[in-house]
Amino acid sequence: MIIFHLLLALSLASGFVSSFHVPLRKYYHQTSIFSTLDKPSIVSGGGNNNDELNSTTPSFPSTSFMDDIPSSNLVIVESPAKAKTIESILKGMSEGGRKWTVRSCNGHILDLSPSTPSNNLGIDIMNSYTPLYTPPPSKKPLIKELLTETSKADCIWLATDGDREGEAISSHLNTTLNPKAKIPTRRCVFKSITKRGVTEGITSWRNVDSDLVKAQESRRVLDRLAGYTVSPVLWRKIAPGLSAGRVQSVGLKIIVDKEKDRMRHVKRTYADVSCEFSYDGSGGFEGVGHSWGGERIRKGNGFNNEGEEIGDGRTLTW
């Protein structure tokens, strides 16, 4: 059963099965309509190019850029320490009475959890391995606070990290705080917590990358299926405290390679020859044919995965 679960889950991760994902809503914008950042002016005079570049300070483009930003904006990041710095930067660059509120979500706000006492994996195995998400009890007060802030905002900026974990956090924030898509949502990544980094993140906003979200979910499901089911075996057979949850990548490659071999396999039909010999009705013996017409009779090992005959021999069919 464990191997069966792993095969299906790994097929999902490798693209053999395409139905495994948490539906993402259609986002408010399909393409960015921000204008390009103005090129920073170079201070003329002496000094090398590095001195000239370092002396420039990027700023928000004035008219067209700010026209596209709503009046009340909620920015959600992962780190509380970053939240204060980013809010200070945004408020310092804001104009036209636009309001910026920056809050942190402290990482994931949803986690896999069981839906019934009999399901301790947090995965609906009978329904395309769908993850079952619920907020941890410790995150419920934070979610309540973020919902309050969301109700005051004209736009939500999901500014979590740019890796697959950050993408999944943004997806969960969106579906939890804005389930009916009533508020425009923009995904942005701050590559550095500086005025330039924040400006570039805001101007290059996009939608949530569903491929990154699926990658994170596939790995999470695989971790549950391998770690939660195989680790107890390791504890009993080898040593307590060992984890099988860290071998997904190696296990994934081995099983997917085997699955690809199976998918490439071409069936061929062949026959064996066997006879029963007896004398005067007494007990006899069975004989298996070895050759036919002077040629060795081909068996299963006489074909490759593509169904082609290999080596010498004669294929018997009926």
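Let me sum up the structure you'll find in this document.

The rules behind the values
- Residues numbered from 1 in each chain as written.
- Predicted model: local features only at pLDDT ≥ 70, side-chain atom pairs only at ≥ 80, totals over all residues.
- Heavy atoms only, no water.
- Salt bridge = Lys/Arg side-chain N within 4 Å of Asp/Glu carboxyl O.
- Helix = DSSP H or I, 4+ residues; strand = E, 2+ residues; numbered from the N terminus.
- Buried < 20%, exposed > 50% of the residue type's maximum accessible area, 1.4 Å probe, protein only.
- Polar contact = N/O pair within 3.5 Å; in protein donor to acceptor, adjacent residues only side chain to side chain.
- Phe/Tyr/Trp six-rings, centres within 6.5 Å; stacked < 30°, edge-to-face > 60°.
- Lys NZ or Arg CZ within 6 Å of the ring centre and 35° of its normal.
- Axes fitted to C-alpha atoms, helices over the stretch in contact; angles between N-to-C directions.
- Parallel < 35°, antiparallel > 145°, perpendicular 65-115°, else oblique.
- Contact = heavy atoms within 4.5 Å.
- Nonpolar A, V, L, I, M, F, W, Y, C, P; charged D, E, K, R; others polar.
- Pairing = 2+ DSSP bridges.
- Patch = residues over 30% accessible without salt bridge, like charges linked within 9 Å, V, L, I, M, F, W, Y side chains within 5 Å.
- Areas by Shrake-Rupley, 256 points an atom, 1.4 Å probe, with all protein chains shown as cover.

Describing the pattern of salt bridges
Then comes step 1: Throughout the structure, instances matching the rule amount to eleven salt bridges.
Then comes step 2: Across the pair Lys-253 and Asp-257 runs a salt bridge, and its minimum N-O distance is 2.8 Å. With a gap of four residues between them, Lys-253 and Asp-257 both fall in helix H9 (residues 248-264), about one helical turn apart.
Then comes step 3: Its relative accessible area of 54% is what places Lys-253 among the exposed residues.
Then comes step 4: A salt bridge links Arg-264 to Asp-261; the nearest nitrogen and oxygen atoms lie 2.3 Å apart. Taken together, the positions of Arg-264 and Asp-261, both in helix H9 and three residues apart, correspond to about one turn of that helix.
Then comes step 5: The exposure class assigned to Arg-264 is partly exposed, which follows from its relative accessible area of 44%.
Then comes step 6: Taking the relative accessible area as the measure of exposure, Asp-261 reaches 28% and is therefore partly exposed.
Then comes step 7: Three or more residues joined by partner-sharing salt bridges are found here, namely Glu-87, Lys-91, Arg-103, Glu-145 and Glu-149.

A short note on the side chain of Glu-78
Then comes step 1: Among the structural elements, Glu-78 can be located in the loop between strand S1 (72-77) and helix H4 (80-93).
Then comes step 2: Reaching out from Glu-78, the side chain makes a polar contact with the backbone nitrogen of Asp-161 at a distance of 2.9 Å.

Topic: the packing of aromatic side chains
Then comes step 1: Counted by the stated rule, this structure contains one aromatic pair.
Then comes step 2: A ring pair is formed by Trp-100 and Trp-157, whose centres lie 5.9 Å apart and whose planes are at 45 degrees; its orientation type is tilted. Within this pair, whereas Trp-100 is found in strand S2 (residues 99-104), its partner Trp-157 is found in strand S7 (residues 155-158), the two being separated by 57 residues in sequence. Just as Trp-100 is buried, Trp-157 falls in that class too.
Then comes step 3: Arg-186 extends its terminal NZ or CZ atom over the ring of Trp-205, reaching a point 4.8 Å from the ring centre.

Describing the packing of H4 against helix H7 (residues 195-203)
Then comes step 1: H7 packs onto H4 with a crossing angle of 75 degrees between their chain directions and a minimal axis gap of 10 Å. One way to sum up the angle between H4 and H7 is to call them roughly perpendicular. Along the contact surface, H4 presents Ile-86, Ile-89, Leu-90 and Met-93, while H7 presents Lys-195, Val-198, Thr-199 and Ile-202.
Then comes step 2: Along the lines of polarity and charge, the residues of the contact of H4 with H7 split into six nonpolar, one polar and one charged.

Section: the sheet that holds S2
Then comes step 1: Ordered by their spatial adjacency, four strands build an open sheet running S2-S1-S7-S8, and the pairing between neighbours is parallel. On the outer flanks of this sheet lie S2 and strand S8 (185-187), each paired with one strand and no other. If you compare each strand with its neighbour and ignore which way they point, the axes differ by 20 degrees on average.
Then comes step 2: Relative to S8, S7 is paired through three bridges, and the arrangement is parallel. Residue pairing across strands places Leu-158 opposite Arg-187, the latter belonging to S8.
Then comes step 3: Across the sheet, helix H6 (residues 164-177) is in contact with S1, S7 and S8; its angle to S8 comes to roughly 175 degrees.

Focus: a nonpolar patch on the surface
Then comes step 1: A grouping of Trp-235, Ile-238 and Leu-242 is seen on the molecular surface, where their side chains present a nonpolar patch of about 320 Å² in accessible area.
Then comes step 2: Within the secondary structure, Trp-235 sits in helix H8 (residues 210-237).
Then comes step 3: The class for Trp-235 is partly exposed, based on a relative accessible area of 44%.

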